Amino acid sequence: MSATTPQLYASLSVAIGGGIGALARYQMGRAMTAWMGPQMMTFFPWATLAVNTIGSVLMGLLAGWLVRSAPENSEQLRLLLGIGLLGGFTTFSAFSLELAMLIQRGQVLIAALYIMLSIGLGVTGMIFGLSITRLFS
């Protein structure tokens, strides 16, 4: 086995999980639109709220399970399910896990700063990106 083989397996795990997660997110949006109707989905981002909430719950379950049971292939599962699947489904799950870890370590002020920076920079970045695209349209 060459030195790059573990990195290749890791990358493939993330890619496969990410593809499945992205597809699941897309299908969730389609299903919710069919269920609630396009007007309700336009009124409030229900699908995004749903995937972010579900993804956060699943990330918590996965992280807790990996820490407590520490299976032999936990790194491969972390890459496939945590970074890949849940990362493709929603990146909010990673944010939620990191925030929960800060709070559990008693770093409440850092957690508050992380919340403010994440939301502030995320929204500012989105507005900036939208503004740039409007300049060239």
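Numbering of residues begins from 1 in every chain and follows the order in which that chain's sequence is written. Side-chain atom pairs in this predicted model are given and counted only at pLDDT of 80 or more, local residue features only at pLDDT of at least 70, and totals for whole chains, interfaces and linings cover all residues. Side-chain descriptors were evaluated using all non-hydrogen atoms of the structure, hydrogens and water having been removed beforehand.

- An unreviewed UniProt entry lists the protein under the name Fluoride-specific ion channel FluC, from Aurantiacibacter aquimixticola.
- UniProt positions are given in the numbering used here, feature names are shortened, and annotations may be inferred rather than shown by experiment. According to the UniProt record, the Catalytic activity (unreviewed entry) comment for the protein is "fluoride(in) = fluoride(out)".
- Regarding the protein, the relevant UniProt record gives this comment under Function (unreviewed entry): "Fluoride-specific ion channel. Important for reducing fluoride concentration in the cell, thus reducing its toxicity."

## Quick word on the nonpolar core
Phase 1: Met59, Leu62, Leu66, Leu77 and Leu86 form the largest nonpolar core, which has five residues in total.
Phase 2: Within the residue set of this core, elements represented by two or more residues are helix 3 (46-69) and helix 4 (74-89).
Phase 3: Strands are runs of DSSP state E lasting at least 2 residues, helices are runs of H or I lasting at least 4, and numbering of each runs from the N terminus. Among the elements that take part in this core, helix 3 stands out by supplying three residues, more than any other.
Phase 4: Residues are treated as being in contact if the distance between any of their heavy atoms lies within 4.5 Å. Not counting residues within four places of it along the chain, the set of residues in contact with leucine 77 comprises Trp65, Leu66, Pro71 and Gly82. For our purposes a nonpolar core is just a set of buried Ala, Val, Leu, Ile, Met, Phe, Trp, Tyr and Cys residues, chained together by side-chain atoms within 4.5 Å. Exposure is judged per residue with a 1.4 Å probe applied to protein chains only, and the accessible area is read against the type maximum: over 50% gives exposed, under 20% gives buried, and values in between give partly exposed.

## Overview of a nonpolar patch on the surface
Phase 1: Nonpolar side chains (Val, Leu, Ile, Met, Phe, Trp, Tyr) within 5 Å and like charges within 9 Å form the patches, drawn only from residues with over 30% relative accessible area and no salt bridge. Here the Shrake-Rupley method, with its probe set to 1.4 Å, supplies the accessible areas, and only the displayed protein chains count as covering residues. Note on definitions: salt bridges are taken to be side-chain nitrogens of Lys or Arg within 4 Å of carboxyl oxygens of Asp or Glu. On the surface, a cluster of nonpolar side chains totalling about 500 Å² of accessible area is made up of Leu8, Tyr9, Leu12, Ile16 and Ile20.
Phase 2: The topology assignment puts isoleucine 16 in helix 1 (residues 5-36).

## Structural notes on the packing of aromatic side chains
Phase 1: Two rings belonging to Phe, Tyr or Trp (six-membered ring only in the last case) form a pair when the distance between their centres is within 6.5 Å. Interplanar angles under 30 degrees mark stacking, angles over 60 mark edge-to-face geometry, and anything in between is tilted. For the structure on display, the rule yields three aromatic pairs.
Phase 2: Aromatic side chains phenylalanine 44 and tryptophan 46 sit 4.5 Å apart centroid to centroid with 50° between the ring planes, which places their arrangement in the tilted category.
Phase 3: With a relative accessible area of 34%, phenylalanine 44 lands in the partly exposed category.
Phase 4: Measuring from centroid to centroid gives 5.5 Å for phenylalanine 92 and phenylalanine 95, while their planes differ by 45°, and the two rings are tilted. Of the two residues, phenylalanine 92 and phenylalanine 95 are both situated in helix 5 (residues 92-104); the distance of three residues between them amounts to about one turn of the helix.
Phase 5: Residue classification places phenylalanine 92 among the partly exposed positions, given a relative accessible area of 37%.
Phase 6: Take phenylalanine 95: its relative accessible area is 15%, and that puts it in the buried class.
Phase 7: Feature note: the residues Phe92, Phe95 and Tyr114 constitute an aromatic cluster, connected by ring pairs.

## Description of the confidence of the model for the protein
Reading predicted coordinates in detail is not appropriate for stretches of low pLDDT.
Phase 1: The predicted model of the protein has a mean per-residue pLDDT of 90, with 98% of residues at 70 or higher.
Phase 2: Known as pLDDT, the predictor's confidence for each residue is given on a scale from 0 to 100. Mean pLDDT across the secondary structure elements of the protein bottoms out at helix 3, with 88, and peaks at helix 1, with 95.

## Overview of the UniProt feature "binding site: Na(+)" (unreviewed entry) in the protein
Phase 1: Following the UniProt record, one finds the feature "binding site: Na(+)" (unreviewed entry) at Gly87 and Thr90.
Phase 2: The residue glycine 87 is located in helix 4 in this model.
Phase 3: Among all residues touching threonine 90, those that are not within four sequence positions of it are Arg25, Val51, Asn52 and Gly55.

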